[in-house]
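Spelled out from the first residue to the last, the chains are:
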Number of protein chains: 2
Amino acid sequence: MGIVERKEREKEEMRKLILEAAQKLFLETGFEKVSIRNIADAIEYSPATIYLYFKDKNELLYAIHNIGFQKMIEEFHPALSLADPFDRLVEMGRRYFRFAFENPELFDLMFIMNAPMDALACRDDIWDEGRSAFGLLVKCVQDCIDAGVFKYQDAEVAAIMIWSSVHGYTALFLRKRLDMFEESRRKELMEEAFDLFIKTIQKGL
Amino acid sequence: MGIVERKEREKEEMRKLILEAAQKLFLETGFEKVSIRNIADAIEYSPATIYLYFKDKNELLYAIHNIGFQKMIEEFHPALSLADPFDRLVEMGRRYFRFAFENPELFDLMFIMNAPMDALACRDDIWDEGRSAFGLLVKCVQDCIDAGVFKYQDAEVAAIMIWSSVHGYTALFLRKRLDMFEESRRKELMEEAFDLFIKTIQKGL
DNA sequence: TTGTTTACTAAACAGTGTTCATTACATTTG
DNA sequence: CAAATGTAATGAACACTGTTTAGTAAACAA
């Protein structure tokens, strides 16, 4: 009796259909401006149908947030295979940057917007995606410590410091808090500031 | 003929009435959950009245964002009169932190939310509040350079680096991206990471 | 051919920001 | 003082939003 399996497959496909339409609309138009009705229109189903596959809008956004993490991890992969741990760290920083600039809406969803965290909170679950991505950073920092690149004792604390710094630029940039610098200079300034940070932690402590 | 002046005064008072009710509601309930109708109810006027004093909701949020900056500048004042420029820098960082934790909604509005920047953008104005607050930081960094505390050449680039770092913690924290650490350890970790950053830039380069 | 499960939807609910014609009153003019 | 003008405030609507529910039609099982 393959019926139940076919149904499951169809259910999965429907989820995917919704998710892909939603993602497309979101990345085109921005998350703030897309409604459940828009998504329903795009896939030619009624709005109520979406609620048969996702508890609410937050849960839908959380699912897309997950896709974002998959994509990010993929793009981090080449960096992770660099031999020198410090090179690896710098490259991870650059790729965090690049991911944010090339996928501003996805990045916003993953690291700034409230919706996905609200979804997690209301079924009090933990942010596994964030945890394991952060784990990659901690591991890299630990490798740097072990290799004697810098002399921090606590890899986790150092990782938070580094993440915060790199996240700071991107968050300020994406939420238009660096628009006071003229557009041409903006990205250049950020690059310089990032390089300065790298040089500083390399020689520091 | 003092009539026109009285009218102006009344207009100003009405603006203030709206602004104060709005601020109270926003800080109590969070910006996402307060509607124009809620504000109108609180001051016992019709919703349409608010639009006689503010172009739209973004403009209202921008006005509150301004109040936030006044408050922040006030709270920065004691730090600015410290003799040693590096002490000044560290104290500014700590106060940025503290302001964010004690006024999470206001901070969010000032440095994370889109609304006030959208208000600025659609009357293509520049973010003066941010500019001048950032100016304070640049000045302090320049003083540090002049005093030989660190050897950066470009105070502005160094200031962006420092701002980004401090902003990074707070933004990640406020938007619940540090909730993967248990609550008791969270703030402690941030303090440690901040101290580590301070030590690093002090000795770096 | 029944009975039951499933997938879907139309319609409604309760809210949102915003606009506009109309009212009610303060001010100025004849 | 009465009539004309200006203006502050609003009721009601518009076009949305996320979400729920009762009901339908098709697919499946007996």
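Residues numbered from 1 in each chain as written. Chains lettered and ligands numbered in written order. Predicted model: local features only at pLDDT ≥ 70, side-chain atom pairs only at ≥ 80, totals over all residues. Heavy atoms only, no water.

A.B. asks: Honestly, the interface of chain B and chain A in this entry has me stumped. Any pointers?
C.D. replies: Interface extent is often summarised as the accessible area lost during association of the parts. With 49 residues of chain B at the interface, the matching set in chain A holds 49 residues. Surface buried jointly by chain B and chain A totals about 4300 Å² across both partners, of which 68% is contributed by carbon and sulfur atoms. Together, Arg177, Met180 and Leu196 of chain B form the three largest contributors to the area buried by chain B at its contact with chain A, with a combined 17%. The interface formed by chain B and chain A holds two salt bridges in total. Across the chain B-chain A interface, the total number found is 14 residue pairs in polar contact (both at pLDDT 80 or more). Where the side of chain B that touches chain A is concerned, the elements lending two or more residues are α6 (104-111), α7 (115-121), α8 (128-146), α9 (155-174) and α10 (183-203) of chain B. For the side of chain B that touches chain A, the leading source of residues is α9 of chain B, giving 13 residues. Along the lines of polarity and charge, the residues of the side of chain B that touches chain A split into 28 nonpolar, eight polar and 13 charged. (Contact = heavy atoms within 4.5 Å. Buried area = accessible area lost by both parts, 1.4 Å probe. Salt bridge = Lys/Arg side-chain N within 4 Å of Asp/Glu carboxyl O. Polar contact = N/O pair within 3.5 Å; in protein donor to acceptor, adjacent residues only side chain to side chain. Helix = DSSP H or I, 4+ residues; strand = E, 2+ residues; numbered from the N terminus. Nonpolar A, V, L, I, M, F, W, Y, C, P; charged D, E, K, R; others polar.)

A.B. asks: Honestly, the side chain of histidine 167 of chain A in this entry has me stumped. Any pointers?
C.D. replies: Relative to the assigned elements, histidine 167 of chain A resides in helix α9 (residues 155-174). On the basis of relative accessibility, which here comes to 1%, the residue histidine 167 of chain A falls in the buried class. Apart from the residues within four sequence positions on either side, histidine 167 of chain A is in contact with Tyr96, Phe107 and Phe111 of chain A together with Gly168, Ala171 and Leu172 of chain B. (Buried < 20%, exposed > 50% of the residue type's maximum accessible area, 1.4 Å probe, protein only.)

A.B. asks: Any chance you could explain the relation of the copies chain B and chain A here in plain terms?
C.D. replies: For the pair of chain copies, the relating operation is a rotation around an axis with a shift along it. Superposition of chain B onto chain A requires a rotation of 180° combined with a translation of 0.0 Å along the rotation axis, giving an RMSD of 0.1 Å. Such a combination of turn and shift is consistent with a two-fold rotation axis. (Least-squares fit on C-alpha atoms with pLDDT ≥ 70 in both.)

A.B. asks: Hey, could you run me through the protein's contact with DNA strand D in this one?
C.D. replies: Not every one of the 19 residues close to DNA strand D is listed here, only the nearest: Arg6, Arg37 and Tyr51 of chain A together with Thr49 and Tyr53 of chain B. In this structure, isoleucine 36 of chain A approaches DNA strand D through a main-chain N or O atom, which is 2.9 Å from a phosphate oxygen. Within the backbone of serine 46 of chain B, one N or O atom sits 3.0 Å away from a phosphate oxygen of DNA strand D. For the surface near DNA strand D, the secondary structure elements donating two or more residues are α1 (3-29) and α2 (36-43) of chain A together with α3 (47-50) of chain B. Among the elements that make up the surface near DNA strand D, the one with the highest residue count is α2 of chain A (three residues). For the surface near DNA strand D, the per-class residue count stands at 10 nonpolar, four polar and five charged. (Near = heavy atom within 4 Å.)

A.B. asks: When you look at the pattern of salt bridges in this model, what are you seeing that I'm missing?
C.D. replies: Two side chains that carry opposite charge are able to pair once their charged atoms sit near each other. On inspection of all chains with the given rule, the structure shows 26 salt bridges over all chains. Two residues, lysine 139 of chain A and aspartate 143 of chain A, come together in a salt bridge whose shortest N-O distance is 3.5 Å. Linking lysine 139 of chain A with aspartate 143 of chain A, this pair stays in helix α8 (residues 128-146), spanning four residues, or about one helical turn. For lysine 139 of chain A, a relative accessible area of 52% corresponds to the exposed category. A salt bridge links glutamate 28 of chain B to lysine 24 of chain B, with the shortest nitrogen-to-oxygen separation between them at 3.8 Å. Remark: lysine 24 of chain B and glutamate 28 of chain B occur in helix α1 (residues 3-29); sequence separation between them is four residues, near one turn of the helix. Assessed through its relative accessible area of 56%, lysine 24 of chain B is described here as exposed. Each of the salt bridges in this network shares a partner with another, and the network as a whole consists of Glu59, Arg123 and Asp125 of chain A.

These values are about where atoms sit, not about what they do.
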